[in-house]
Amino acid sequence: MIVLLILIPVIAGVFSFFIKNSKAAQGLALTASLLTFLTALVLVTTHGKVQLEMQWLPQMNSSFNLSMDGMAKMLCLLNAVSVPLILSSTLRSHYKSPGNFLGLLLLTQAGMMGVFLAADVLLFYFFWELALIPIYFLCSQYGGNKKIQATFKFFVYTFLGSLLLLIGIIYLYLKTPDHSFALSSFYDLKLSASEQNLGFWLFFIAFAIKMPIFPLHTWQPDTYEQAPAAGTMILSAVMVKMGLYAMIRYVLPIFPQAVLHFNHIIVVFSVIGLLYASFIAIRQDDLKRLIAYSSIAHVGLMCAAIFSMERVGLQGVMIQMFNHGINVLGLWIVASAIERQTGTRKLSEMGGLATKAPVLATLFMIMALANVSLPLTNSFIGEFLMFNGIFRFSIWAGVFACFSIILVAIYTLWAMQKMFYGKTSDFTANAMESPRNTQYALIVITIVILVLGVYPQPLLQLTQDTVQTVLSIK
Amino acid sequence: MPIQYYIALAVTLFSIGVVGVLIRRNAIIVFMCIELMLNAANLLLVAFSKTHTATTGLPLAGIDGQIFVFFIMVVAAAEVSVGLAIIVMMYRNTHSVDIDFLNRLKN
Amino acid sequence: MNAIILSAILGVVMMLCSAFVKNTKAYKSIALVGLIILLLANICETYGHEVFDIPTYHMLEFDRFGLYFNTLAIICTILFSAISQREIERVGRYVGEYFALIFFVLSGIFILSSFNNLLMLFIGIEIMSIPLYILTGARKENLKSNEASLKYFLMGAFSTGIMLMGIALVYGGTGSFDLTHKVSAVVAEPGINQPMSFLDVAGMLLILVAMCFKVSAAPFHFWAPDIYDGSPSVFASFMATIVKAGAFIAFIRLFAIREDETSILQNAIIGVNWKMLFSVIIVATLMFGNITAIFQQSVKRMLAYSSVAQAGFMLFALLSLNDTAKEGLLLYVVAYSLATIGLFAILAKMKDYTLEGYNGMAKSHPTLAFANVIFLLSLSGIPLTIGFFAKYYMLMAVVHMDGYLWVAIVGIIFAVISIYYYFRVIQSMYFKEGTVVFKYPVTKSFKILAIVIALLIIVLGAFPQLILNFLYF
Amino acid sequence: MGIAAILFWILSALTIFSAIMILVSKNPVHSVLWLIATFFAISGHYILLNAQFLAIVNIIVYAGAIMVLFLFVIMLMNLDARTETRKNLWMKLAGVISGGMLLWILISVVRTYAEQTKGHPDMAVLNTGTIGLIKPLGKVLFTQYALPFELCSILFLSAMVGAVVIGKKN
Amino acid sequence: MNLAYLVPLFPLVGFLINGLFRKQLSKQAVSVVGCGVLLASFILSLVLFFDIKAGGAGVRTYFDFINVADFKIPFAFQVDQLTAVFLLIITGVGSLIHIYSSAYMQEETPQHFARYFAYLNLFVFSMLLLVMGANFLIMFIGWEGVGLCSYLLIGYWFKNDTFNYAARKAFVMNRIGDLGFLIALFWILSKTGTLSYHELFTPDMLAKFSRADVTAITLLLFVGATGKSAQIPLYTWLPDAMAGPTPVSALIHAATMVTAGIYMIARSHLLYSLAPFTNEIIAIIGVATAVFAASIALRQNDIKKVLAYSTVSQLGYMFLGLGVGAYGGAVFHVMTHAFFKALLFLGAGSVIHAMGGQQDSRFMGGLKKFMPVTHITFLLACLAIAGVPPFSGFFSKDEILAAAYASSPVLYYLGVLGALFTAFYMFRIYAMTFLGKFRGTQEQAHHLHESPKAMTIPLSILAVLAVIAGFLGIPAIFAPHAHLLENFLSPVFSDLPAASETLSHQTEWMLMLVTTVLVIATIIWAWKKYADYQKSEQQETGLSKVLANKWYVDEIYDGLIVNPVMKFSNFLKNVIDKTFIDGIVNGVGRFVQYSSRQIRLVQSGQVGGYILMMVLSLVVLFVIFWNQAYILTFIHWIFK
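Residues numbered from 1 in each chain as written. Chains lettered and ligands numbered in written order. Predicted model: local features only at pLDDT ≥ 70, side-chain atom pairs only at ≥ 80, totals over all residues. Heavy atoms only, no water.

Moving on: the overall build of chain D. Counting its secondary structure elements, chain D contains six helices and zero strands. Listed by position from the N terminus, the elements making up chain D come as α-α-α-α-α-α. By the compact-globule yardstick of 15 Å for 170 residues, chain D is too spread out, its C-alpha radius of gyration being 20 Å. Overall, chain D is about 60 × 45 × 30 Å in size when its C-alpha atoms are taken along their principal axes. Across the 170 residues that make up chain D, the buried fraction comes to 47%. In chain D, the proportion of contacts linking residues at least 24 apart, taken out of those at least 6 apart, comes to 63%. (Helix = DSSP H or I, 4+ residues; strand = E, 2+ residues; numbered from the N terminus. Rg over C-alpha atoms; globule rule 2.2 N^0.38 Å. Buried < 20%, exposed > 50% of the residue type's maximum accessible area, 1.4 Å probe, protein only. Contact = heavy atoms within 4.5 Å.)

In structure tokens form, the structure reads like this:
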């Protein structure tokens, strides 16, 4: 059952390459993604760990080992939810050779599924890279004017990270007593302080680039700006979570001492990044870049909370991973809908859309509020817990991190005001209400935002076991 | 004769060969200097073969060195045939054997 | 032994064919059949069935590793000749001779994969090199081809000189050409950690330089780009892949057998080992190969530099010299050869070798573009291609040694840089508009072969065990 | 200093002198002749070392066959001092300096080696021994070294094929 | 008590109905729903009030909001006396304002009309959460919720960018306060692990705080309060918030939301009782705001601006009360203020309605005869706010001032000064609006009319309340059953230490007398001065200009905070991010390309050159090999 999560998108993706007809390709992709979603739903609701172990590379002691604990369940669900939403929201957009486009999208999904599910480090690395390739092609083929350079920067950046990760993995693999890639034997490693420090940085940089954390972030705004709508969505809604996921799954349990040794500096950097990105977002005129920096800020917060090593903070990160994915997905859907309607991404050229597209305005308002993590939206719980964790870790870090809530309000509302309020401009004068499919996707997101904002307990409970495991190893 | 002298002589010849390769432009002479390098190696091998006979005291101890020299000569002959053929082919096309003009392929 | 002699015989057969068979189309079929026979003979030998039983006096030692390497080399050659047969025919009139020379080269490679004596190393290298000088110059009216041939010859001969000097010095230091049976002339008392004599050290250094030249390791790589660029694409492909692999096997073999002496060199005056030297060479090779490749506009020349860069990775095996390294080298040979053969095969069909020539290939020839992508991904070491496992083994071999992690890190930095030029081709093919002009017709069977190689890369990328298992069973 | 030693020094001086003359001669034909002279001097060394067979082979094969081939090619191309181009001074200087550095390095190897073996230096025995004669050499060559000997035939075959491919007019 | 959850639920339902079906519902339906849910809430609140009066206070837990191992925050309501009072104010005044709005907003299209009511209902819901929450987190939910609704309603007319700007300013300013609030919550959590009042406000838990903790927490909470309740230094949003529809100003920016800070401090009075330093700060800030805002109001002409500054000023009094420990007095003032300020705003709204949107009192005048009901009720409210006995403001303000006097006479004197200012500006604006001759355009004069019933009835009700509400807190010197409200609230505040010194009756009489006399004198002066106001083109100078420009506080803030932040952001965006960090990243790429161009020159094509390189490399390799011990040390040093 668990392997279906990977298999369905792979098969559908490969098939989709051979379909020329746009409608048929969309139908196939949508069906496949819904099937994946159903599978994910069934798996998420089953109790306890779901596992699968198959032989793969016996000589290397690496097996095709998938396992699903709380965190994996949650992220798989996110992944499985995102793709149908993305598909349905971009249903009307016209791409040349849609079969390829959708195929790449589905392959990306499969790769990310694998990342979340892998319980074998080599397998994890495999999927980690595999998720990268289709998204690279997707973004370089269908993006904006500077797509090739921007995407390539992204690719090189992450590839550098993943190769460092590879060295780290090999390094640890050779330290395991039985030379095994099983996650459990990595957990059982007894490493000396210097080994931990080395391994820690090798792993950390790889994940930090993916997340991305402050000085390593510059690929992100460019890529988000240039990538096609669906690419951006999948990148920021799910792929960014890969870094966070891996940080929790690998860095914290494997290098506990190194984490305790370095977490001060990392928290400081994350908080700097959080404020830094927020400040930059204030002056962004490009809607996509604004969302990108906002996303960097949120991720910085999550990273800080991870490295606070506080139970509460980690729990916050857990649900925030899901929530941020959902919210940012919503923001991107709106952004792309607006871009399609008005042909511009510049905030200074928009205005007055609330009269033209009241439904979109209302829905975006809710997304925006979730972005500023207003209580009773989903991200409030996460941020509250995370701030709390950071605060327990260090009062000053907590205080500075909290400053972001002011900044996020400034830029989010600024964007809201510039887009929807005021008078219409030349660009927005002929704008219309967003199409139905976009609205449906947004409504689903809105419902998730509100429901989880009021009753986050299911998600919290789902991920409790992971937090328990991660912290108990310390 | 102490072997050092022979080694010194051989490496000197070898270096002269190398210098020749470096400072001459005529492909044939460059090739000749390479032959000189080979001969330096030959001389050294023979000298060593005699040393080994002396140190080990066995009657046939150093003979492999001399056999090797023989093989070097054989191979050198084959190499020369091919090399000269190539040089001639080049000359036929460009009417020059100047290696400094070989710069169509670069960067 | 089977393979060496049989390939020599096959070479003669091809020679005779060119004299007696008038139909040039038949040559390639004969060659393919010959190669398959060669393969079978080699496999027979691997499992203990020797056809030719000749006393070698320990000059050749056939071990599993060497024989298996032969098998892989033959398989690669089969793929090579299958996919590039038409281009070989187009090089010049002497098709039979070309195949004969290829067989002779193979026989040299087989000697190199089993030598145990410096004499055999020398002869093997020469047997391998001399036919290549000719193949390089096969396009006789082409000035570039001539130039490449002469350059290659002069430099090759020079490196032979250096190697011979090295062998002479080693002989002076050890008193023997045998790699395994050493009678030291310098230090009378035999001991476990017997230090090398200085003559030996200097000699090994010179041999190292000559071998570096053969595998195109920096700073002795300068010939490679020019020669690959100047020679006919098919032969460049052969030289850059199978021949280079053969040189590598010789290199590894030489130092693996002498490892005990070279690695624990506890001399009073020279207190450190060879690894340092290897590291320097590796870093230099990676640097020259990768950084120079970035600027190339011609894909062919880029591939030449890439072959230098890949040699840098293969040298990791030399640095570590453990079992992982050997397995890795096999994988690397396969990965690198498959990908490069494929790339060169498609390149050879094209009119314009520059990057612009590739523009828009995804539109006009999606299958070939897809195959190219797989080849390039494999070269850059992306998972699910065999190239990943090749790099992975190499890195693992180096990480396994204490104190050389930095080499691995330098290696991956250059691997990232290599992405730049490999992906430029992908970008040309997929993201840029243009029309691809082929000089020679692209047949269906050619496409199928390209796809087969690409799929092979993927399958092996998922299950590298398919290769390695044969090393042990 | 015995007669052998005196001969050694004279031959060495001759070898090096004629080797240098190869480089400095402007006329390629002169270079060839100086090279032949060098080979003769080296053959003298061989005789001094009691490697008579090699001495003869050296003269026959190298000085006789190979060098004649060279001479032949040079004459075929009609190369003489007038057609001979010279590298510029800097390149020459660079060549000499790097060659000198190589020499220096290799000599330093010799010196270290000499230090290492101080007290009991290895001697190349002059004028004695029978290993250089045809009989023992032949025996070894056709027993122990039969395999490489045979393999050399491959080399020759390929050289032959090569010469044909390259040399034949289209 | 069992029905407590229904109180906020009704407005929520109203919000959902009005919000989701805004296209389908007619205006009547919308106003029925909007007002109906509020009335229902009000009735329930009344029921609750009596329930509590009978001793039914308690906590109801509904579900686990956040439950993570050792970290539990339930979704729970706590209803006690304090809550009950606020419930009544919110739902009561809220209902009246809803009714008023249904007439006031008639000119809007149905869709926007529904949007208005949805926002308003949402606001009431949030406010109810704020006061009913059984822990700080629920309070925070409401706290942010009301901020949001305030934002939405200020920017209700979203086509006007100035209004949007004001809305955003309000939200951001509130957020600054929320930051303090939030940090305080984290502080509390990290010390005690709970946010529930009934767990937190126990001696055991409170003992976990050190003195520094308490001071920090209380100060931070107070920062939150300054944001929400518009105190120095975060008050500037409130005057700008007048951009919203006038009923909104009445409900949110006068009667309810802005008193959230007072509620919060009153709720956590036990903490504050442990932090005397904070109390001093609160008192000082309170009185400073009271005087400062009042001084600005002296020279404002916009009728709503005057009322806004007046609100700020009155809130300052409440904080003064809190600071000096008169929690009952503060709550009392909240209540009376809610009545009279809502009345004032609604009256102003009525005037503006009649004037067709004109808010500048310089262009009004003489409206007395056109709008009798509005006039009367406005006058009553003015008397109430000015503190003329026996109107409600008198009693509540007096109670605070008396407590201030007991604490420190300086606070008292300043308080009285503020009261005099209040009297002056209120009657100035009253006089300018209702007395004298009409100074508007001809067209406006034609349209002048009394407002419809739906507006005047709430006015009347509020006027009655403004007049009589004071008797709920009548001091002991007047009546036997004094301090009704405080007695009712006493269970909440009973755990406070008794006031150290109480004023003697004599002093109290004297203080009252002095204040009353001064206030009446001021009123007469203002009446005289502005009864026959004429427009003059004369530029204002000196202090009066400074006052008219609000002490230039907005400009100072812009110069000191907003612009530097924007500049800093630009700097980060352009210099640090684009040039520096991205520059480094791209620079690495460019460097590689550059070195590629250079290194490839080595590949000269000359065989001689290649061989030269080989020989040199050979030499270098030898040298390296011979000296590698040093090199290795160097490399290890680099990679260590």
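Structure's up, so let's keep going.
Bringing the overall build of chain B into the picture now. The helix and strand inventory of chain B stands at three helices and zero strands. Mapped in sequence order, the helices and strands of chain B form the string α-α-α. Within chain B, the proportion of its 107 residues that are buried is 78%. Considering only residue pairs separated by 6 or more positions, chain B has 55% of its internal contacts joining residues 24 or more positions apart. Total accessible area on chain B stands at roughly 2,200 Å², and carbon and sulfur atoms take up 60% of it. Looking at chain B, you have 6 positive and 5 negative side-chain charges, and the mean spots of the two groups are 9 Å apart. (Areas by Shrake-Rupley, 256 points an atom, 1.4 Å probe, with all protein chains shown as cover. Lys, Arg positive; Asp, Glu negative; His and termini not counted. Charge placed at Lys NZ, Arg CZ, Asp CG, Glu CD.)

As a further point, take the packing of helix H18 (residues 392-407) of chain E against helix H19 (residues 409-434) of chain E. Residue and element names in this part refer to chain E. As a packed pair, H18 and H19 sit with axes 6 Å apart at the nearest point and diverge in direction by 150°. The angle between H18 and H19 places the two elements in the roughly antiparallel class. Residue-level inspection shows Lys397, Leu401, Ala404, Tyr405 and Ser407 of H18 in contact with H19, the latter providing Pro409, Leu411, Tyr412, Gly415, Val416, Ala419 and Thr422. In terms of residue class, the contact of H18 with H19 is built from eight nonpolar, three polar and one charged. (Axes fitted to C-alpha atoms, helices over the stretch in contact; angles between N-to-C directions. Parallel < 35°, antiparallel > 145°, perpendicular 65-115°, else oblique. Nonpolar A, V, L, I, M, F, W, Y, C, P; charged D, E, K, R; others polar.)

Attention now goes to the nonpolar core. Of all hydrophobic cores here, the largest spans 789 residues; its most connected members are Phe307, Phe384 and Phe420 of chain A together with Phe389 and Tyr392 of chain C. If you tally residues by element for this core, the top one is helix H3 (residues 63-94) of chain B, at 20 residues. Beyond its immediate stretch of four places on either side in the chain, Phe384 of chain A contacts Ile66, Phe71, Ile73, Leu137, Leu182, Leu185, Phe186, Leu189 and Leu195 of chain E. (Core = buried A, V, L, I, M, F, W, Y, C linked by side-chain atoms within 4.5 Å.)

Our next topic: the interface of chain E and chain B. Where the parts come together, the accessible area they lose is often given as the size of the interface. At the interface, 12 residues of chain E touch 10 residues of chain B. Interface area for chain E against chain B, summed over the two sides, is near 860 Å², with a carbon-plus-sulfur share of 62%. Applying the counting rule to chain E against chain B returns zero salt bridges. Along the contact surface separating chain E from chain B lie zero residue pairs in polar contact (both at pLDDT 80 or more). Grouping the amino acids of the side of chain E that touches chain B by side-chain chemistry returns six nonpolar, five polar and one charged. (Buried area = accessible area lost by both parts, 1.4 Å probe. Salt bridge = Lys/Arg side-chain N within 4 Å of Asp/Glu carboxyl O. Polar contact = N/O pair within 3.5 Å; in protein donor to acceptor, adjacent residues only side chain to side chain.)

A separate point is the interface of chain B and chain D. With 72 residues of chain B at the interface, the matching set in chain D holds 80 residues. Taking both partners together, chain B and chain D bury about 6,900 Å²; carbon and sulfur atoms supply 79% of that area. By the criterion of area lost to chain D, the three top residues of chain B are Met1, Met32 and Lys50 of chain B, representing 11% of everything that side buries. Here chain B is connected to chain D by zero salt bridges. The interface formed by chain B and chain D contains seven residue pairs in polar contact (both at pLDDT 80 or more). Per-element tally for the side of chain B that touches chain D: the top contributor is H3 of chain B, with 24 residues.

It is worth spelling out the packing of helix H4 (residues 98-117) of chain A against helix H6 (residues 132-142) of chain A at this point. All names here are of chain A. Where H4 contacts H6, the two axes come as close as 8 Å, and the packing angle between them is 150°. Of the two elements, H4 crosses H6, and the hand of that crossing is left-handed. Contact residues: H4 offers Asn100, Phe101, Leu104, Leu105, Leu107 and Thr108, while H6 offers Pro134, Ile135, Phe137, Leu138, Gln141 and Tyr142. By residue class, the composition of the contact of H4 with H6 is nine nonpolar, three polar and no charged. (Left-handed = near helix turned anticlockwise from the far one by under 90°.)

With that out of the way, let us pick up the pairing of strand S1 (residues 50-57) of chain A. Residue and element names in this part refer to chain A. Both S1 and strand S2 (residues 62-68) contribute to a ladder of seven bridges, which runs antiparallel. Across the sheet, the residue bridging to Gln55 is Ser63, located in S2. Joining the antiparallel neighbours S1 and S2 is a turn of four residues, in which Asn61 adopts a positive phi near 55°. (Pairing = 2+ DSSP bridges.)

The top pair by number of contacts, from a total of eight pairs of chains in contact, is chains B and D. Nothing in chain A touches chain B; the tightest C-alpha to C-alpha distance between them is still 25 Å. Looking at chain A next to chain D, you find no contact at all, with the nearest C-alpha pair sitting 38 Å apart.

Interpreting fine coordinate detail is not advised for predicted regions of low pLDDT. With 100% of its residues at a pLDDT of at least 70, chain B reaches an overall mean of 88. No element of chain B has a lower mean pLDDT than helix H2 (residues 27-56) of chain B, which averages 89, and none a higher one than helix H1 (residues 3-23) of chain B, which averages 91. (pLDDT = per-residue confidence, 0-100.)

To continue, consider unusual backbone geometry. Looking along the chain, the bond that leaves Met211 of chain A and enters Pro212 of chain A is cis, with omega of -10°. Looking at where Pro212 of chain A falls in the secondary structure, it is placed in the loop between helix H9 (193-210) and helix H10 (219-226). The omega torsion across Ile232 of chain E and Pro233 of chain E is 10°, close enough to zero to call that bond cis. Relative to the helices and strands, Pro233 of chain E is located in the loop between helix H9 (211-228) and helix H10 (237-240). Backbone geometry places Leu376 of chain A, a non-glycine residue, at a positive phi of 75°. Among the structural elements, Leu376 of chain A can be located in the loop between helix H16 (358-371) and helix H17 (378-393). The exposure class assigned to Leu376 of chain A is buried, which follows from its relative accessible area of 18%. The backbone of Asn50 of chain D sits at a positive phi, close to 65°, despite the residue not being glycine. Position of Asn50 of chain D relative to the elements: it lies in the loop between helix H2 (28-48) and helix H3 (52-77). For Asn50 of chain D, a relative accessible area of 10% gives the class buried.

Turning to a nonpolar patch on the surface, a few remarks are in order. All names here are of chain E. A cluster of nonpolar side chains, namely Tyr5, Leu9, Val13, Leu16, Ile17, Leu20, Phe21 and Tyr62, defines an oily patch on the protein surface of about 680 Å² accessible area. Residue contributions to the nonpolar patch peak at five residues, all from helix H1 (residues 6-20). Relative to the elements of secondary structure, Leu16 occurs in helix H1. (Patch = residues over 30% accessible without salt bridge, like charges linked within 9 Å, V, L, I, M, F, W, Y side chains within 5 Å.)

This next bit is on the pairing of strand S1 (residues 58-68) of chain E. If a strand is regular, its side chains alternate between the two faces of the sheet. All names here are of chain E. Pairing of S1 with strand S2 (residues 71-79), which is carried by nine bridges, proceeds in the antiparallel orientation. For Gly58, the partnering residue across the bridge sits in S2 and is Val79. Here S1 folds back onto S2, and the loop between the two strands holds two residues, one of which, Ala69, carries a positive phi near 45°.

Let us look at the packing of aromatic side chains. Per the stated rule, a full pass over the model turns up 120 aromatic pairs over all chains. Geometrically, the ring pair formed by Phe204 of chain A and Phe307 of chain A is edge-to-face, given 5.6 Å between the ring centres and 80° between the ring planes. Here Phe307 of chain A lies in helix H13 (residues 287-307) and Phe204 of chain A lies in helix H9, a separation of 103 residues in the sequence. A ring pair is formed by Tyr5 of chain B and Trp9 of chain D, whose centres lie 5.4 Å apart and whose planes are at 55°; its orientation type is tilted. Highlighted residues: Tyr5 of chain B in helix H1 and Trp9 of chain D in helix H1 (residues 3-24), drawn from two different chains. Through a chain of ring-to-ring contacts, the aromatic side chains of Phe380, Phe384, Phe387 and Phe391 of chain A together with Phe136, Phe140, Trp143, Phe181, Phe186, Trp187, Tyr197 and Phe201 of chain E assemble into a single cluster. (Phe/Tyr/Trp six-rings, centres within 6.5 Å; stacked < 30°, edge-to-face > 60°.)

It is worth spelling out the environment of Met401 of chain C at this point. Residues and elements named next belong to chain C. Mapped onto the elements, Met401 comes out in the loop between helix H16 (386-400) and helix H17 (405-431). Expressed as a C-alpha distance, the spacing of Met401 and Lys349, which sit 52 residues apart in the sequence, is 44 Å. The contact partners of Met401, leaving out residues within four places of it in the chain, are Lys275, Leu319 and Ser320.

Our next topic: the environment of Arg340 of chain A. Residue and element names in this part refer to chain A. Relative to the assigned elements, Arg340 resides in helix H14 (residues 311-342). By relative accessible area, which is 37% here, Arg340 ends up partly exposed. Between the alpha carbons of Arg340 and Ala229 there is a distance of 10.0 Å; along the sequence they are 111 residues apart. Once residues lying within four places of it in the same chain are set aside, the contact partners of Arg340 are Ser89 and Thr438.

Helix length check: helix H26 (residues 607-626) of chain E, at 20 residues, gives a terminal C-alpha distance of 28 Å against a target of 28 Å (1.5 Å per residue), a fit within 8%. The element H26 of chain E is extensively covered by neighbouring structure, given that 15 of its 20 residues are classed as buried. (Expected span 1.5 Å × (residues − 1).)

Here we take up the pattern of salt bridges. This model, assessed by the stated rule, comprises 27 salt bridges over all chains. Asp69 of chain A serves as the salt-bridge partner of Arg249 of chain A, at 2.7 Å between the closest nitrogen and oxygen. Placement of the pair is Arg249 of chain A in helix H11 (residues 229-254) and Asp69 of chain A in the loop between S2 and helix H3 (70-89), with a sequence separation of 180 residues. For the pair Arg249 of chain A and Asp69 of chain A, one class covers both residues: buried. Residues participating in the shared-partner salt-bridge network are Lys153, Asp222, Glu225, Asp286, Arg289, Glu339 and Arg345 of chain A together with Asp582 of chain E.

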